[in-house]
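Structural overview
Here is what each chain is made of, one letter per residue.
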Amino acid sequence: MSEPIIRVSALNKIYEGGFQALKQIDLDIQRGEIFALLGPNGAGKTTLISVICGLVNATSGQVVVDGFDNQADYREARSRIGLVPQELTNEAFETVWNTVNFSRGLFGKPPDPEHIERVLKSLTLWDKRHNRLITLSGGMKRRVLIAKALSHEPRILFLDEPTAGVDVGLRREMWDVVRQLRESGVTIILTTHYIEEAEEMADRIGVINNGEIVLVEDKAALMRKLGSKQLALHLHEPLDSVPLALAAYDLQLAANGSELIYTYDASRTGGAEGQESSTISALLADVEAAGLVFKDLHTRQSSLEDIFVDLVKER
Amino acid sequence: MNLYPVRAIYMAELSRTRRTLLQSIVSPVISTSLYFVVFGAAIGSRISEIDGISYGAFIVPGLIMLMLLTQSVSNASFGIFFPKFSGSVYELLSAPISYLEIVIGYVGAAATKSVVLGLIILATAGFFVPLEIAHPLWMMTFLVLTAITFSLLGFIIGIWADGFDKLQLVPLLVITPLTFLGGSFYSIDMLPPFWQGVTLFNPVLYLISGFRWSFYGTSDVSLAASVAMILLFLGVCLALISWIFRTGYRLKP
Ligand SMILES: Nc1ncnc2c1ncn2[C@@H]1O[C@H](COP(=O)(O)OP(=O)(O)OP(=O)(O)O)[C@@H](O)[C@H]1O
Ligand SMILES: [Mg+2]
């Protein structure tokens, strides 16, 4: 694997007042990936991003961006990073065009109207370029923040809850933009509360809770490792215990004995999948043979959401 | 040093001024005109000459200084306070720019505005009283140095302030009284000896005195003292700003 584009080592942040928001964080972000940082409110997502981008002073530890220390070589490090903050903030009375060009200049780049035009068009803001920011809707304002971050052609883009308060259609549009960016080689780190978003977008997922990185994993591997399927049989007559005849299967009773639950690994692919379904057929035959009548059955697959809730609860 | 960010900040600040042209240029000009009407014409006509200069002409440098100090402080403080307040300061802090570049952009813009304003007020004064400027180069030097110094002070106040009330506090409670008591409208010779002594502790006196000297060649304190005082001010402000950025005071948690 190539050198990570961001390397965070032993990072601690204790805010004034003594609250420790980040605890000994080690994290590598790979070149060109989409990395999703998941965590409940107050987990430290924004703090971590802020330290990497230079908005918050670290208490201890180091951040290296593309080989440059973000303190000692802050110019090199920061020029590679675009940041879309969580809060909607902007100069209300400026026009879209001016504010996006301002960002480019601020990052030390010579004016490039064609690039700005491309960015605005990709975010469907081109028609609004002469509007003052105060006249835009919330979703548009968020896109302006993205345009500002992209104005200086960053190699790394941080999106702190990019789709908070954005409608479903627009959210899909943003995901498309993010994918296009990734294809052009931009590394993307996004935070989100929407598991769906991480599941849809990310190559890798990191879970942060109480200032600690709880887990970092390939999304596919994570789903495989923790993703299990359940088959639930809704029984006509509740049971006190699992009948002896079915002891060979790993079954649990739920809902006061009116549900019989069979948990199996959904990740076994190909032949194994076929094997699993033949097990299920056998199970159903045995259930019938045991004289149990069920009125309904359904399957459930644990989503990232379940995994996430489990992980965070464990702590 | 990268000039693009400096230019971006400088131009954005000036364009903010353009948007608020009325309050930034017109209102100081109107209030100065009122001073001239009241002090220069109405009351001034009954006051005898000071050091051989008519009272109306005597107050011109003081009035310009009054406007220069208050406007520099309020412009520069608002310029950096507003992004802090709205949250858009995140961009400034995450940009690959040095503190020096940020300061040059913001303070440069505020000082430019003050200098232009000072010259406009000077021209306005020309309508009310006959003007003569004995040392135009010195006059410009004082004008520019004072604008820069007090814009730096304003920048510091803008970073320090965590609410609009504090933003108003320093100009109202410190700058305006010091300017009024620093001989804008009188020569300190007109004060009783005790108060003359006290006034010598007022740093603004030295600025006004030097500035008046560049007009009429008369002053309350020596030119060297005036120049030293303004350079001292400048040095203190620069030191404070470099400390602010080194520690991230009120900018970075
Ligand atoms: N400037 C600050 N001073 C003191 N404590 C802070 C400061 N900023 C954040 N915190 C605290 O640090 C913790 C982490 O905050 P952070 O904003 O990083 O969380 P987050 O994961 O981004 O949450 P959310 O999902 O709500 O955005 C919180 O408990 C918060 O109260
Ligand atoms: Mg956050």
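Residues numbered from 1 in each chain as written. Chains lettered and ligands numbered in written order. Predicted model: local features only at pLDDT ≥ 70, side-chain atom pairs only at ≥ 80, totals over all residues. Heavy atoms only, no water.

Using the following cut-off: UniProt positions are given in the numbering used here, feature names are shortened, and annotations may be inferred rather than shown by experiment.
An unreviewed UniProt entry annotates chain B as Transport permease protein of Vreelandella zhuhanensis. Regarding chain B, the relevant UniProt record gives this comment under Sequence similarities (unreviewed entry): "Belongs to the ABC-2 integral membrane protein family."

Chain A is annotated in an unreviewed UniProt entry as ATP-binding cassette domain-containing protein from Vreelandella zhuhanensis.

1. Looking at the overall build of chain A
Let me state the cut-off plainly: Where helices and strands are cited, they refer to DSSP runs of H or I of at least four residues and of E of at least two residues respectively, numbered from the N terminus. We call two residues in contact when some of their heavy atoms are within 4.5 Å. In these tables, accessible area is a Shrake-Rupley quantity obtained with a 1.4 Å probe, and a residue counts as shielded only by the protein chains included in the view.
In terms of regular secondary structure, chain A is built from 10 helices and 14 strands. Here the contacts in chain A between residues at least 6 apart in sequence split such that 69% fall between residues at least 24 apart. Within the structure as shown, chain A displays about 14,600 Å² of accessible surface, and the carbon and sulfur contribution to it stands at 49%.

2. Regarding the overall build of chain B
For clarity, the cut-off: Note on method: radius of gyration uses C-alpha positions; expected globular size equals 2.2 Å times residues raised to 0.38. Buried means the residue's accessible area, taken with a 1.4 Å probe over protein chains only, is under 20% of the maximum for its type, while exposed means over 50%, and partly exposed covers the values in between.
A tally of helices and strands in chain B yields 10 helices and zero strands. Ordering the α and β elements of chain B from the N terminus gives α-α-α-α-α-α-α-α-α-α. The C-alpha radius of gyration computed for chain B amounts to 19 Å, which stays within 12% of the reference 18 Å derived for 253 residues, consistent with globular compactness. Judged by the C-alpha coordinates and their principal axes, chain B covers about 60 × 35 × 35 Å. When the 253 residues of chain B are sorted by exposure, 54% land in the buried category.

3. Quick word on the packing of aromatic side chains
The description of an aromatic ring pair uses the distance of the two centres, along with the angle that the planes make with each other. Residue and element names in this part refer to chain B. Heads up, the rule is: Classification of ring pairs uses Phe, Tyr and Trp, with its six-membered ring standing for Trp, and accepts pairs whose centres are within 6.5 Å; under 30 degrees between planes counts as stacked, over 60 as edge-to-face, and the remaining range as tilted.
Taken as a whole, this structure holds 20 aromatic pairs over all chains when the rule is applied. Here Phe81 and Phe164 contribute two aromatic rings whose centre-to-centre distance is 5.0 Å and whose plane-to-plane angle is 70°, an arrangement assigned as edge-to-face. Taken as a pair, Phe81 in helix H3 (residues 55-86) and Phe164 in helix H7 (residues 164-180) lie far apart in primary sequence, 83 residues in all. Here Phe211 and Phe215 contribute two aromatic rings whose centre-to-centre distance is 5.2 Å and whose plane-to-plane angle is 75°, an arrangement assigned as edge-to-face. Linking Phe211 with Phe215, this pair stays in helix H9 (residues 203-216), spanning four residues, or about one helical turn. Per residue, the accessibility class of Phe211 equals that of Phe215, and both read buried. Taken together through their ring pairs, the aromatic side chains of Tyr99, Tyr106, Phe155 and Phe245 make up a single cluster.

4. A closer look at the packing of H3 of chain B against helix H6 (residues 136-160) of chain B
Stated formally: All axes here are fitted lines through C-alpha atoms, helices being fitted over the stretch that makes contact, and every angle between N-to-C directions spans 0 to 180 degrees. Two helices crossing with the near one rotated counterclockwise from the far one by less than a right angle form a left-handed crossing, whereas a clockwise rotation gives a right-handed crossing.
Interhelical geometry of H3 of chain B versus H6 of chain B gives an angle of 35° and a closest axis separation of 7 Å. Relative to H6 of chain B, the crossing made by H3 of chain B is right-handed.

5. Some details on the coordination of the magnesium ion (ligand 2)
Rules: With water omitted from the atoms examined, metal sites may look incomplete; donors here are N, O and S atoms no farther than 2.8 Å from the metal, or 3.2 Å in the case of Na, K and Ca.
Around the magnesium ion (ligand 2), the protein supplies Thr46 of chain A (OG1) and Gln86 of chain A (OE1) as donor atoms, at distances of 1.9 to 2.1 Å. Within this pair, whereas Thr46 of chain A is found in helix H1 (residues 45-53), its partner Gln86 of chain A is found in the loop between strand E6 (81-84) and helix H3 (96-106), the two being separated by 40 residues in sequence.

6. Looking at the sheet that holds strand E3 (residues 34-38) of chain A
Residue and element names in this part refer to chain A. Just so we agree on the cut-off: If DSSP finds at least two bridges between two strands, the strands pair.
Read from one edge of the open sheet, six strands run E6-E7-E8-E3-E9-E10, paired in mixed fashion. Since the sheet does not close on itself, it has two edges, and those belong to E6 and strand E10 (212-218), each with one partner. Each adjacent strand pair in this sheet contributes to an overall mean axis angle of 15°, direction not counted. As paired strands, E3 and strand E8 (residues 187-192) are joined by five bridges and run parallel to one another. Bridge pairing links Ala36 to Leu190 in E8. Contacts between helix H6 (residues 168-183) and the sheet are confined to E3, strand E7 (156-160) and E8, with E8 contributing the most and set at about 150° to the helix.

7. Focus on the site of ligand 1
Basically, it comes down to this: Summary of the distance rule: residues count as near a molecule or strand when at least one heavy atom falls within 4 Å of that molecule or strand. Side-chain atoms alone can form a polar contact between residues adjacent in sequence; in general such a contact is a pair of N or O atoms within 3.5 Å, and within protein one must be able to donate a hydrogen while the other accepts it. Gly is placed with the polar residues, together with every amino acid not listed as nonpolar (Ala, Val, Leu, Ile, Met, Phe, Trp, Tyr, Cys and Pro) or charged (Asp, Glu, Lys and Arg).
Near ligand 1 lie 15 residues; those nearest to it are Asn41, Lys45, Thr46, Thr47 and His193 of chain A. Residues near ligand 1 are shared among chains A and B, making this a multi-chain site. Contacts to ligand 1 include Asn41 of chain A, whose side-chain N or O atom sits 2.7 Å from an oxygen atom. For ligand 1, whose unbound accessible area comes to 640 Å², protein coverage reaches 66%. If one sorts the elements of the shell around ligand 1 by residue count, H1 of chain A sits on top with three residues. Looking at the shell around ligand 1, its residues break down into six nonpolar, seven polar and two charged.

8. Looking at the nonpolar core
So the rule is basically this: Here, nonpolar core means buried Ala, Val, Leu, Ile, Met, Phe, Trp, Tyr and Cys residues that are tied together by side-chain atoms lying within 4.5 Å of each other.
Of all hydrophobic cores here, the largest spans 92 residues; its most connected members are Ile6, Leu157, Phe158 and Ile188 of chain A together with Leu92 and Phe155 of chain B. With residues near it in sequence (within four places) discarded, Phe158 of chain A still touches Ile6, Ile49, Ile52, Cys53, Ile81, Gly82, Leu83, Val84 and Ile189 of chain A. Counting 48 residues, the second largest nonpolar core, distinct from the first, contains Tyr55, Ile59, Leu63 and Tyr206 of chain B.

9. So, the interface of chain A and chain B
We count it as follows: Note: buried area is the sum, over both parts, of the accessible area (probe 1.4 Å) each one loses when the two are combined. By definition here, a salt bridge exists when the distance from a side-chain nitrogen of Lys or Arg to a carboxyl oxygen of Asp or Glu is within 4 Å.
Taken together, the 30 residues of chain A in the interface contact 28 residues of chain B. When chain A packs against chain B, close to 2,500 Å² is buried across both sides, 56% of that on carbon and sulfur atoms. Of all residues in chain A, the largest losses of buried area upon contact with chain B belong to Leu55, Arg75 and Leu106 of chain A, amounting jointly to 24% of the total for that side. A salt bridge links Arg19 of chain B to Glu94 of chain A; its shortest N-O distance comes to 3.0 Å. Run the count over chain A and chain B and you get 11 residue pairs in polar contact (both at pLDDT 80 or more). The residue inventory of the side of chain A that touches chain B, partitioned by class, reads 14 nonpolar, eight polar and eight charged.

10. Brief notes about the pairing of strand E9 (residues 204-209) of chain A
Residue and element names in this part refer to chain A. Counting buried residues along E9, six of its six residues qualify, which places the element largely inside the surrounding structure. Side chains Arg204, Gly206 and Ile208 project from E9 onto one buried face, and the interleaved Ile205, Val207 and Asn209 project onto a second face that is buried too. Judged from the four bridges that link them, E3 and E9 form a sheet pairing that is parallel. Counted as the bridge partner of Ala36 is Ile205 from E9.

11. Observations concerning the environment of Gly248 of chain B
Of note, Gly248 of chain B is situated in the segment after helix H10 (223-247). Between the C-alpha atom of Gly248 of chain B and that of Val144 of chain B, which follows or precedes it by 104 residues, the distance is 28 Å.

12. As for the domain arrangement of chain A
Selection criterion: Note that the domain bounds reflect an automated or database-derived domain assignment.
Split by domain assignment, chain A resolves into domain 1 (6-223) and domain 2 (228-314). A straight line from the C-alpha centre of domain 1 of chain A to that of domain 2 of chain A covers 42 Å.

13. Considerations on unusual backbone geometry
One non-glycine residue, Glu161 of chain A, lies in positive phi territory at about 50°. Positive phi values are uncommon outside glycine, yet Arg250 of chain B reaches one of about 60°. Locating Arg250 of chain B in the fold gives a position in the segment after H10. Its relative accessible area of 37% is what places Arg250 of chain B among the partly exposed residues.

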